[in-house]
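Working through the structure, step by step
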Amino acid sequence: NKWPTPKQDRVQVHLFEWSWADVKAECEWLGKAGYTGVQVSPVQEDIVVKDYPDRATRQEPWWTRYQPVSYQLVSRSGNQSAFADMVQHCREHEVDIYVDVVLNHMAGGSVEDPVQHGRAGTAWQYRQDYGDLYHATDFHHRQGTGYAEHGNCQIRDQDFQGCYDCVQQCDLGGLADLDTSQSSVQAKAAQYLNMLAQLGVAGVRIDAAKHMNKWDLGNILQGVNSNLYVYQEVLEGCNELVTAEEYSGLGQVIEFRWAQLIRDRFTARDLQFLGAEYMPCGHLLSESALVFVENHDRQSNCHVPDPEAPCISLTVKDGDIYKVAVAFTLAYPYGSPQILSSYAYSSHGQGAPKEAVHEGNGRISCGREGSWYCQHRWPEISGMVAWRKRAEERSISHWWLSDTNQQVQFSRGAAAMFFMNIAANTFHGRLSDTQLPAGAYCNAYKAGCERVEILDDGLTASAVAVAPDSVLALHIGLMT
Ligand code: LAG
């Protein structure tokens, strides 16, 4: 298998907009906590935006990174040597680095735009030249809506249901759409991936994969001469012409329907119909799916109301119920989970904090006003990463749903037990058979040790109390 799929006990974190130095400083802790990979923001040269409203306190809008100018490794996060240094250091701590690669398009604009310079100084002009890398003939030129302004058609909402080729050949929001059917374009993309692999990168997220023909993408990946772990962004809505399933032969696919299911069930506060089989309009096989509760795009849609892109995920701003939903995603044996680690923002493109504050040990200081959330460090999340690791490949046993549909309990064999309460009141009672060996356990969802004793018959020795929107999670790796 050229593109190895990760085992189920893998959990990766997207350190959104972190610098290479900050990722490097985090890796030792990440490895110990059980994280096996980090997705970093796009690494290639991007556009420079000088004029933006909050430039006194914030970096440029995060989305500049999705507008490639060249494949040189120069970004806000650092240069190539800092990147290579991070990759090596993280590998030493058994943490893989995954790069978000943007192969569908180059930087956007309109045909009137003058020559500009990218972050590494590369001269580029919309659709005409991107340094020596791409020129006008490397892009799609398809008639249709928006052609006059952009020199190519623009993807319209109705295309998702009505025009398969438009989704893949027109521009995504003014971003110059590469004609990936050309072998010379494929070769350049493959060369970029090979360069990353050479530096020790273990995997790639393929940005906007839905907007590239799967055969073209397959050809690009054929040109890669090492074992890259591939996961593809195919934002499948229901009833769309381009489907997530089509891409599963090339690697994993980000399963947006999981995020949808999670949001639906947890906001309805009803834990019936919770499981892969209830995902809206189908689901990928577990080994093909990458699952998440929140991602960087969703955070922005949900935090900043956008009539054109309504909020369809739970996000960090939902508070305790979000933590429970992430914990459940980590406990449930479906797909490979990705945790988003982000910062608070209040407008769509808002950039990362300008000055990251650091702790004495060199790691980012989290949780300050306007700063990084560091969701991956929260005990509710990191404790569940360790839980998932202990559960290994075991499947679910003893699923129990309360009469009110607001508590669920299940085990992963005799290794791990998960109980969640999303009622407005504290749950008091003894748990049903946990399957666990007798002994004294700590709740993996909480910092410190909230002690729970399990008897020979797998039952709790006494009543437990689980607060509203909270979890009791036990595993054999956390006994006292
Ligand atoms: C993705 N997946 O398919 C990324 O997850 C998503 O974050 C990217 O959009 C998108 N595809 C393109 O790679 C982001 C922002 C957009 C932004 C774009 C390019 O969500 O808002 O567009 O990156 O920077 C921006 C402006 C647009 C403008 C466009 C072209 O917001 O108004 O039309 O640039 O100039």
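Here the residue index of a chain counts from 1 through its sequence in written order. Whole-chain, interface and lining totals are the exception, using all residues; otherwise, since this is a predicted model, local features are given only for residues with pLDDT of at least 70 and side-chain atom pairs are given and counted only at 80 or more. To get the side-chain values, take all heavy atoms of the structure and skip hydrogens and water.

A look at the sheet that holds strand S15 (residues 396–401)
Strand pairing requires that DSSP identify at least two bridges connecting the strands. Counting from the N terminus, the helices are DSSP H or I runs at least four residues long and the strands are E runs at least two residues long. Across the sheet, four strands lie side by side as S15-S16-S17-S22; this open sheet has antiparallel pairing. Lying at the two open borders of the sheet, with one neighbouring strand each, are S15 and strand S22 (470–475). Strand after strand, the sheet turns through a mean of 10° between neighbouring axes, direction not considered. Examined bridge by bridge, S15 and strand S16 (residues 407–412) share four bridges and lie antiparallel to one another. Along S16, the bridge assignment pairs Ile396 with Arg412. In what follows, residue pairs with any heavy atoms lying within 4.5 Å of each other are defined as contacts. Note on geometry: axes are lines fitted to C-alpha atoms, helical ones only across the stretch in contact, with angles between N-to-C directions running from 0 to 180 degrees. Packing of helix H10 (residues 320–331) onto the sheet brings it into contact with S15, S16, strand S17 (416–421) and S22, and relative to S17 it is tilted by some 155°.

Points about the layout of surface pockets
Site definitions follow a grid-based scheme: protein atoms alone, a 1 Å grid, a 1.4 Å probe that fits but cannot get out for cavities, and for pockets an open set with protein on both sides within 12 Å along at least five of seven lines, plus lining residues having an atom within 4 Å of a point. Grid points are joined across faces, edges and corners, and a volume is the space filled by probe spheres set on the points. For the largest pocket, the calculated volume is near 1500 Å³. Going through the elements one at a time, helix H8 (256–268) and helix H9 (296–303) are the ones with two or more residues in the lining of the largest pocket. Residues are grouped as follows: nonpolar covers Ala, Val, Leu, Ile, Met, Phe, Trp, Tyr, Cys and Pro; charged covers Asp, Glu, Lys and Arg; every other residue, Gly included, is treated as polar. In terms of residue class, the lining of the largest pocket is made up of 15 nonpolar, 11 polar and 12 charged.

A few points about the environment of Leu241
Position of Leu241 relative to the elements: it lies in the loop between strand S11 (229–232) and strand S12 (252–254). The spacing of Leu241 and Tyr164 is 77 residues in sequence and 5.9 Å in space, taken between C-alpha atoms. If near-sequence neighbours (up to four positions away) are discounted, Leu241 is found in contact with Asp159, Phe160, Gln161, Gly162, Cys163, Tyr164 and Glu246.

Here's the deal with the site of the ligand
By nearness alone, 14 residues border the ligand, and Trp63, Gln67, Gly173, Glu233 and Asp297 come closest of all. One of the backbone N or O atoms of Ala208 is found 3.3 Å from an oxygen atom in the ligand. Put simply, the ligand lies in the largest pocket. Among the residues forming the shell around the ligand, the class breakdown is five nonpolar, five polar and four charged. For this description, a residue counts as near a given molecule or strand if any of its non-hydrogen atoms is within 4 Å of it. Here a polar contact is taken to be a pair of N or O atoms separated by no more than 3.5 Å, where protein atoms must pair a possible hydrogen donor with a possible acceptor and residues adjacent in sequence count only if both atoms sit in side chains. Any molecule with more than half of its atoms within 2 Å of a cavity's or pocket's grid points is regarded as sitting in that cavity or pocket.

Focus: the state of the cysteines
By disulfide we mean two sulfur atoms from cysteines, separated by a distance within 2.5 Å. If you walk through the whole model with that rule in mind, you get seven disulfides. One disulfide in the model links Cys442 with Cys449; its S-S distance is 2.0 Å. Here Cys442 and Cys449 share a disulfide; its torsion about the S-S bond, -90°, makes the bridge left-handed. With relative accessibility at 6%, the residue Cys442 sits in the buried group. The classification of residues rests on relative accessible area computed with a 1.4 Å probe and restricted to protein chains. Under 20% of the type maximum is buried, over 50% is exposed, and intermediate values are partly exposed. Given the relative accessible area of 42%, Cys449 is considered partly exposed.

What to know about the packing of H8 against H10
Across the interface, H8 lies against H10 with an axial gap of 11 Å and an inter-helix angle of 130°. For the element pair H8 / H10, the angle class is oblique. The crossing of H8 and H10 is right-handed. Contact with H8, carried on its side by Trp258, Ile262 and Phe266, involves Ile321, Val324, Ala325, Phe328 and Thr329 of H10 and no other residues of that element. Tallied by class, the residues present in the contact of H8 with H10 amount to seven nonpolar, one polar and no charged. When an angle is under 35 degrees it counts as roughly parallel; over 145 it counts as roughly antiparallel; between 65 and 115 it counts as roughly perpendicular; any other value is oblique. Less than a right angle of anticlockwise turn of the near helix away from the far helix marks a crossing as left-handed, whereas a clockwise turn marks it as right-handed.

Details of the domain arrangement of the chain
Reported domain spans reflect what an automatic or database domain assignment gives. Domain annotation of the chain identifies domain 1 (12–391) and domain 2 (396–475). Taken over C-alpha atoms, the centre of domain 1 sits 35 Å from the centre of domain 2. Contacts between the two partners involve 23 residues from domain 1 and, on the opposite side, 25 residues from domain 2. Summed over both partners, the accessible area (1.4 Å probe) lost when two parts come together is defined as the buried area. Of the roughly 2100 Å² buried between domain 1 and domain 2, counting both surfaces, carbon and sulfur atoms make up 71%.

A look at the sheet that holds S11
Taking strand neighbours around the barrel as the criterion, the eight strands line up as S1-S2-S3-S10-S11-S12-S13-S14 in a closed arrangement whose pairing is parallel. For this sheet, the mean inter-axis angle between neighbouring strands, taken without regard to orientation, is 30°. In this structure, strand S10 (residues 203–206) lies alongside S11, joined through four bridges in parallel fashion. Considered in S11, the bridge of Ile206 is made with Gln232.

A closer look at the pairing of S17
Here S17 lies mainly inside the structure; six of its six residues are buried. Neither face of S17 is left uncovered, since the one carrying Ala416, Phe418 and Met420 and the one carrying Met417, Phe419 and Asn421 both have all their residues buried. With six bridges joining them, S16 and S17 adopt antiparallel strand pairing. Looking across to S17, one finds that Gln409 is bridged to Phe419. Counting the residues in the hairpin turn of S16 and S17 gives three residues, including Gly413, whose phi is positive at 60°. Direction of pairing for S17 relative to S22: antiparallel, over a ladder of six bridges. By the bridge assignment, Phe419 is partnered in S22 with Leu472.

Digging into the nonpolar core
The tendency in soluble globular proteins is for nonpolar side chains to be buried as a group. As used in this record, nonpolar core signifies buried Ala, Val, Leu, Ile, Met, Phe, Trp, Tyr and Cys residues forming a set joined through side-chain atoms within 4.5 Å. Membership of the largest hydrophobic core comes to 125 residues, with the highest contact counts inside it found for Phe83, Phe266 and Phe418. With nine residues, the single largest contributor to this core is H10. Lining this core are residues from two domains, each supplying at least three of them: domain 1 (12–391) and domain 2 (396–475). Aside from chain neighbours lying at most four places away, what touches Phe266 is Leu271, Leu274, Leu314, Ile321, Val324, Ala325, Phe328, Met420 and Ile422. Of all hydrophobic cores here, the second largest spans 12 residues; its members include Leu436, Val464, Leu472 and Leu474.

Re the packing of H10 against helix H11 (residues 379–391)
Where H10 contacts H11, the axes come no closer than 9 Å and their chain directions differ by 10°. In terms of orientation, H10 lies roughly parallel with respect to H11. Contacts between H10 and H11 involve Lys323, Val326, Ala327, Thr329, Leu330 and Ala331 on the former and, on the latter, Glu380, Ile381, Met384, Val385, Trp387 and Arg388. Classifying every residue of the contact of H10 with H11 by side-chain character gives eight nonpolar, one polar and three charged.

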